[in-house]
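Residue-level structure breakdown
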Amino acid sequence: MAKLVITCAVTGAETTREQNPNLPITPAEIAGSASEAREAGAAILHLHVRDAEGNPTQDLDTFRRAIDLIRAKCDIVIEVTTGGAVGMSLEERMQPLQLDPEMASLDCGTVNFADEYIVNTLPMMRECAATMKKRGVRPTLECFDLSHVDAAATLIEEGLVAPPFHYGIVLNVPGAVRYGEDTLEFMVRRLPPGSFWTVIAIGGRVALRAARASAAAGGFIRVGLEDNVWYAKGQLAESNAQLVEQAARVAADAGREIATPDDVRQMLTLG
Ligand code: ZN
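Residues numbered from 1 in each chain as written. Predicted model: local features only at pLDDT ≥ 70, side-chain atom pairs only at ≥ 80, totals over all residues. Heavy atoms only, no water.

A separate point is the sheet that holds strand β1 (residues 6–9). Whether parallel or antiparallel, the strands of a sheet pair through hydrogen bonds between backbone atoms. With respect to topology, eight strands assemble into a closed barrel ordered β1-β2-β5-β6-β9-β10-β11-β12, the strand pairing being parallel. Direction aside, neighbouring strands of the sheet carry axes that sit 25° apart on average. Summarising the sheet, strand β6 (residues 103–107) and strand β9 (residues 138–143) pair through five bridges and their orientation is parallel. Within β9, the residue paired with M103 across the bridge is R138. Strand contacts of helix α7 (residues 207–217): β11 (196–201) and β12 (220–223), with the helix running at about 165° to β11, the strand carrying the most contacts. (Pairing = 2+ DSSP bridges. Helix = DSSP H or I, 4+ residues; strand = E, 2+ residues; numbered from the N terminus. Axes fitted to C-alpha atoms, helices over the stretch in contact; angles between N-to-C directions. Contact = heavy atoms within 4.5 Å.)

Once that is clear, we can look at the layout of surface pockets. Computed from the structure, the largest pocket encloses a volume of approximately 1,100 Å³. Lining of the largest pocket is provided by 48 residues; of these, I202, G203, E226, D227 and N228 occupy positions nearest its centre. Of all the secondary-structure elements, those providing two or more residues to the lining of the largest pocket are β6, β11, α7, β12, β13 (230–232) and α8 (240–253). Within the lining of the largest pocket, the residues separate by chemical class into 25 nonpolar, 15 polar and eight charged. Roughly 170 Å³ of volume is contained in the second largest pocket. When contributions to the lining of the second largest pocket are tallied by element, the ones reaching two or more residues are α4 (122–135) and β9. Here the lining of the second largest pocket takes three residues from α4, the largest share from any one element. Class assignment for the residues of the lining of the second largest pocket results in eight nonpolar, three polar and three charged. (1 Å grid on protein atoms, 1.4 Å probe; cavity = no way out; pocket = protein on both sides within 12 Å on 5 of 7 lines; lining within 4 Å. Points joined across faces, edges and corners; volume = space filled by probe spheres on them. Nonpolar A, V, L, I, M, F, W, Y, C, P; charged D, E, K, R; others polar.)

In this section: the pattern of salt bridges. In this structure the tally under the stated criterion is 15 salt bridges. A salt bridge links D263 to K3, with the nearest nitrogen and oxygen atoms 3.2 Å apart. Placement of the pair is D263 in helix α9 (residues 261–267) and K3 in the segment before β1, with a sequence separation of 260 residues. The exposure class assigned to K3 is partly exposed, which follows from its relative accessible area of 28%. The partner of E226 in a salt bridge is R222, with the nearest N and O atoms 3.4 Å apart. Owing to a relative accessible area of 21%, E226 belongs among the partly exposed residues under this scheme. R222 gets classed as buried once you look at its relative accessible area, which sits at 7%. (Salt bridge = Lys/Arg side-chain N within 4 Å of Asp/Glu carboxyl O. Buried < 20%, exposed > 50% of the residue type's maximum accessible area, 1.4 Å probe, protein only.)

Burial of nonpolar side chains together is a common tendency in soluble globular proteins. In this structure, L47, I70, L106, Y167 and I169 are the most contacted members of the largest nonpolar core, which totals 70 residues. Examining the composition of this core, we find that seven residues originate from one element, α8, more than from any other. Once you skip the residues sitting within four places of it in the chain, L47 turns out to touch I30, F63, I67, I70, I78, E79, V80 and T81. (Core = buried A, V, L, I, M, F, W, Y, C linked by side-chain atoms within 4.5 Å.)

Before going further, it helps to spend a moment on the coordination of the zinc ion. The textbook angles at a metal center are 109.5 degrees for a tetrahedron of four donors and 90 or 180 degrees for an octahedron of six. Coordination of the zinc ion by the protein involves H46 (NE2), H48 (NE2) and E226 (OE), with metal-donor separations of 2.1 Å. Donor residues for the zinc ion, ordered by position in the chain, follow H-x1-H-x177-E. Here the two residues H46 and H48 agree in accessibility, since each one is buried. (Donors = N, O, S within 2.8 Å, 3.2 Å for Na, K, Ca; no water.)

A separate point is the environment of L47. Looking at the secondary structure, you find L47 in strand β2 (residues 44–47). Spatially, the C-alpha atoms of L47 and A213 are 25 Å apart, while their sequence positions differ by 166 residues.

Quick look at the pairing of β1 now. With burial as the criterion, each face of β1 is covered, one bearing I6 and C8 and the other bearing T7 and A9. Bridging between β1 and β12 involves three bridges; their strand directions are parallel. By the bridge assignment for β12, T7 is matched with R222. Judged from the three bridges that link them, β1 and β2 form a sheet pairing that is parallel. Among the inter-strand pairings, A9 is bridged to a residue of β2, identified as H46. Taken together, β1, helix α1 (residues 27–40) and β2 constitute a β-α-β crossover, and its handedness is right-handed. (Right-handed = clockwise from strand over helix to strand, strands pointing away.)

Structure, rendered in structure tokens:
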């Protein structure tokens, strides 16, 4: 089996300090958390930034500041979000692509997101994929639903996404497809042969189960305070690194070697 890649989503758009006081918010805090996650075994950082009030923003300068600080601290592969936050325009969401990051997330369809919803029409997805292709950014094809896997296939058929493919299978977002081992297996079976995939399971109830299932099936794992604020039942995570350490133990139990950032650069032919 391929080495197991751990992605850490340290901040996200929705998590608050009220939910977990250890959430990194400023560019300096995010860089510190990224570096700790790297030391704990994460190879990819999934990056969102916040404004001075702690609200999600896709502001170019804030992304630049965060990326510069992360780069100065460690060699982790940076995957910027183009999902942004609920209610943002596509133009706004795509802003960090101007910084030519190695990777970026690409939402592959419209989805309920708790009490809100995130719109991703095919034309929006085409524009986002084409921009990434032009700038040499490797997309993580985020699929919250089977229809998203099929929409990603459309982008591939249209020549807007080229191999090697990396999918993020996002399950258990409130209002969307719930996590189940059978559901994960079914979606993974629908991916193009040879695809890499990362399970992104939202919430403490399923995070560990999903990590174990993915490690056993040859997949990758994403953890971090964006997806889950809990370390264990009733016990808040002390840091993003603590969640990465937990994922690294899951990988070791499954007999999987952990990938380094340079392994990821090779596997996904970045740069
Ligand atoms: Zn995100």
